[in-house]
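Architecture and fold: a report
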Amino acid sequence: MVGLVSDVGLKRTLNEDFASYLEKEEFKIYVVADGMGGHNAGEVASQMAAEQIVSYVDEKFSSSNAKDLIEEAIKKVNRDIFNFSNTNENLNGMGTTVTVCFITKSFIHIANVGDSCCFAIRNNEIKKITKDHSLVQELVDSGSISEEEAQNHPKKNIITRALGTSSTVSVDVFELENNEYELYILCSDGLTNELTKEEILQVVTEEQDYMKSTNNLVALAKENGGRDNITVLLFGGDI
C-alpha cells in the first residue's frame, strides 16, 4: 500500500514537485523531487530526477551491485540534468532536490540531496532520517540558531546542494536495517515548512489508509498556509 499526493499549494501556479515509485519482488524504490529554476525548468528537472532514478535502478539492479546502486543512480541523473540544462537557455540553472528510499531484502538505503526529506515511524515515534542541505541547517549545526528558530527562519528555503546545478554532486546515503521502522514518509519542504514532525506523526497515526493520511497531511499543510508545492509519499518498510 502506498499513499501519494502532490499538490500545487495555495500560493504557486505551477507544481514543480514530482514523485515516482516502483515496487517489485526484489526491491522497492520511492523518490520525491522538488524542482527549481525559471520558466518550466524546475518542473522538468524534478520529473527527470524522479523518473530516471527509478528507471536506472530497475535496469541495473542485481543483488551483487545493490549497495552502491542508489548513489550511482543519483549521480548519473545529476549529470543528465546538468547536461540537458545546457542545451536550452530557458533551462539554464535548473535543478532539483531529491530524496530516495531504496528497499532490498538485505538493507534499506535512504539518500538525499537538498532539503526534501525522509521521516521514519516506529511504535508511534517519528525520526527524521535525512539531513537538509540548507543554509538554515548549517546555522543550526553551528549553534547560531535553535531548531525552533529554524522552523520559521526567513532564509529557510536557501539550499546548499541540488541536482543538476553542477556536473558533480555529493550524495548523503543512510543505511538502515530491514524492519527497523514500520513506515516511511518522503516529502518536499512544502510539507515540512507548514507542519512539525510531531504534527506529521499525529496525522499519519490517526488513519490506517495511506491515501487518507497523505491527503490529510496536504490538507493540513494548506490550512497552515500552503506557501509552496506539497508532495507526500507514504509507504511501509517491508519487502
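Residues numbered from 1 in each chain as written. Predicted model: local features only at pLDDT ≥ 70, side-chain atom pairs only at ≥ 80, totals over all residues. Heavy atoms only, no water.

**What to know about the overall build of the chain**
Within the chain one finds 7 helices and 10 strands. Across its three principal axes, the chain shows a C-alpha extent of roughly 45 × 45 × 35 Å. Buried residues in the chain amount to 50% of all 239 residues. Expressed as a percentage of contacts within the chain between residues at least 6 apart in sequence, the contacts between residues at least 24 apart total 72%. Accessible area for the chain stands at about 10900 Å²; split by element, carbon and sulfur atoms hold 43% of it. Each charge class in the chain can be summarised by its mean position, and for the 21 positive and 39 negative side chains these summaries are 2 Å apart. (Helix = DSSP H or I, 4+ residues; strand = E, 2+ residues; numbered from the N terminus. Buried < 20%, exposed > 50% of the residue type's maximum accessible area, 1.4 Å probe, protein only. Contact = heavy atoms within 4.5 Å. Areas by Shrake-Rupley, 256 points an atom, 1.4 Å probe, with all protein chains shown as cover. Lys, Arg positive; Asp, Glu negative; His and termini not counted. Charge placed at Lys NZ, Arg CZ, Asp CG, Glu CD.)

**A closer look at the state of the cysteines**
A complete count under the given rule lists 0 disulfides for this structure. Counting only cysteine sulfurs, Cys187 is the nearest neighbor of Cys117, a cysteine outside any disulfide, at a range of 3.7 Å. Accessibility expressed as a relative area gives 1% for Cys117, which makes it buried. (Disulfide = S-S within 2.5 Å.)

**Examining the sheet that holds strand β7 (residues 125–128)**
Here 5 strands make up an open sheet; going across it, the order is β1-β10-β9-β6-β7 and the pairing antiparallel. If you trace the sheet from one side to the other, it starts and ends with β1 (2–7) and β7, each paired once. On average, adjacent strands in this sheet sit at an angle of 15 degrees to one another, irrespective of strand direction. Relative to β7, strand β6 (residues 117–122) is paired through 4 bridges, and the arrangement is antiparallel. Within the sheet, the bridge partner assigned to Phe119 lies in β7 and is Lys128. (Pairing = 2+ DSSP bridges. Axes fitted to C-alpha atoms, helices over the stretch in contact; angles between N-to-C directions.)

**Quick notes on the packing of helix α1 (residues 41–60) against helix α2 (residues 66–85)**
With their axes 9 Å apart at the nearest point, α1 and α2 run at an angle of 140 degrees to one another. If you check the angle between α1 and α2, you find them oblique. Seen along the crossing, α1 lies across α2 with a hand that is right-handed. Along its contact with α1, which presents Val44, Ala45, Met48, Ala49, Gln52, Ile53, Tyr56, Val57 and Lys60, the element α2 presents Leu69, Ile70, Glu72, Ala73, Ile74, Lys76, Val77, Asp80, Ile81 and Phe84. A breakdown of the residues in the contact of α1 with α2 according to their chemical character gives 14 nonpolar, 1 polar and 4 charged. (Parallel < 35°, antiparallel > 145°, perpendicular 65-115°, else oblique. Left-handed = near helix turned anticlockwise from the far one by under 90°. Nonpolar A, V, L, I, M, F, W, Y, C, P; charged D, E, K, R; others polar.)

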